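# Breakdown of the fold
Next come the chains, spelled out residue by residue.
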Amino acid sequence: MTKKLPNKDPRLQVKKEIIIKALEEKTQEYRDDILKTIWIYFKEERPKGVEEFLFEPYHYIVADTLEKVYKQEITRLIINIPPGFGKTELITKHFPVHSLWRNPYLQIIVTWYSWTLTKGFSAEAKEIHESPCFKKIFPRAPQLSDTQNTKDHWQNTVWGSYYATGAWGPITGKRANLLIIDDPIKPDEADKSEVKRLGVNNWYDNTVISRLFNPLSDAIIIIMQRTHENDLCGHLIDKMDNWHGEDWEVVSLPAIAETYEEFDTSYWTVTRDEWVTLDSQRYPRAALDTIEASLWKTNFY
């Protein structure tokens, strides 16, 4: 029996190229802007029944900063933001996928304090990657590989990959162009356990930095709420301030502004007056006052 060869009719190839170019022209604005990509993804795919992602001004600050990471203008980024403000959706799920579609050769490692939760985030990121919406926006991007395609570790056919593990987890033997550390320690443990704080700080100092292919051009993003002066962010900022650490870009977004804030972004200049909440739709001042009253101050940032 002879094996059937794929149809290489040049007319079909020309027709296919015309269709792809038309798609690319139609979806160019989404490829260039992660927020527009998230907007159309929720509108068309309705993940978990949600059909709209509500954007607040701080989302534009984060998106603008992430774009600088993608372009290698920033290689060390700290984003301090409270829980419940969409940081994981934007930074841990959508940003890696959006980056992989634009540069399919990237290798990405994502960590969180819970390996189980990190695996779940990875599975959701894979769903985004495989969605009809994203395939329409990025029609030339390679598909996922059959040889490495699990919830916590998936890669495409040109070896670009997303690898999820818990903080302090097994990343020995793995390397990345982008390493995302999302809440490396539970907030209450960071506040109360010096042993856990030191454990995370030592893990970063002794393991994380060596996991980049190129420490000068590859990027690390840390997203977490501040809970203690010597948590991971405090540890790294103190080293930077004393001239024996990495140079970090720090974006601080407290739930309630402690002073007047101004951020220049590629979208517009985002400002926030003192005492104004970060997300007025989901967390108005009355709601935050109630939350703050029931939490330790260090868990409210």
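Our subject is the structure listed above.
What comes next is a walk through the structure. (Residues numbered from 1 in each chain as written. Predicted model: local features only at pLDDT ≥ 70, side-chain atom pairs only at ≥ 80, totals over all residues. Heavy atoms only, no water.)

## Here we look at the overall build of the protein chain
Along its length, the protein chain carries ten helices and ten strands. Here the C-alpha atoms of the protein chain give a radius of gyration of 21 Å, agreeing with the 19 Å that 2.2 N^0.38 yields for 301 residues. Viewed in the frame of its principal axes, the protein chain has a C-alpha envelope of about 70 × 40 × 35 Å. The proportion of buried residues among the 301 residues of the protein chain is 49%. Put simply, 70% of the contacts in the protein chain that link residues at least 6 apart link residues at least 24 apart. (Helix = DSSP H or I, 4+ residues; strand = E, 2+ residues; numbered from the N terminus. Rg over C-alpha atoms; globule rule 2.2 N^0.38 Å. Buried < 20%, exposed > 50% of the residue type's maximum accessible area, 1.4 Å probe, protein only. Contact = heavy atoms within 4.5 Å.)

## Structural notes on the pairing of strand β9 (residues 261-264)
Note: β9 against strand β10 (residues 269-272), four bridges, orientation antiparallel. Of the residues in β10, the one forming a bridge with Asp 264 is Thr 269. Counting the residues between successive antiparallel strands, the hairpin from β9 to β10 contains four residues. (Pairing = 2+ DSSP bridges.)

## Quick look at unusual backbone geometry
One non-glycine residue with positive phi stands out, namely Arg 46, at about 50°. Judged by relative accessible area, which is 48%, Arg 46 ranks as partly exposed. A positive phi is found at Lys 48, a non-glycine position, where the angle reads about 55°. Structurally, the position occupied by Lys 48 is in the loop between α2 (34-45) and α3 (57-70).

## A look at the environment of Gln 13
Relative to the helices and strands, Gln 13 resides in helix α1 (residues 10-32). For the pair Gln 13 and Ser 266, spaced 253 residues apart in the sequence, the C-alpha separation amounts to 38 Å.

## Focus on helix α8 (residues 194-206)
Between the first and last C-alpha of α8 there are 18 Å, a value that for 13 residues agrees with the 18 Å anticipated at 1.5 Å per step. Those residues of α8 not exposed but buried are Arg 197, Val 200, Asn 201, Trp 203 and Tyr 204. Considered in projection along α8, the buried side chains sweep an arc of 155° and stay on one side of the axis. Of the exposed residues in α8, those oriented more than 90 degrees away from the buried face are Glu 194, Val 195 and Asn 206. (Expected span 1.5 Å × (residues − 1). Arc of directions from axis to C-beta.)

## Details of the sheet that holds strand β7 (residues 219-224)
In a beta sheet, neighbouring strands pair by backbone hydrogen bonds and run either parallel or antiparallel. Read across the open sheet, the eight strands follow the order β3-β4-β5-β2-β6-β7-β1-β8; overall the sheet is mixed. Of all strands in the sheet, those bounded by a partner on one side alone are β3 (144-149) and β8 (249-252). Geometrically, the sheet is characterised by an average inter-axis angle of 15° between neighbouring strands, direction not taken into account. Sheet topology places strand β2 (residues 107-112) next to strand β5 (residues 161-166); six bridges connect them, and they run parallel. (Axes fitted to C-alpha atoms, helices over the stretch in contact; angles between N-to-C directions.)

Spatial relationships are all this shows, so hold off on functional conclusions.
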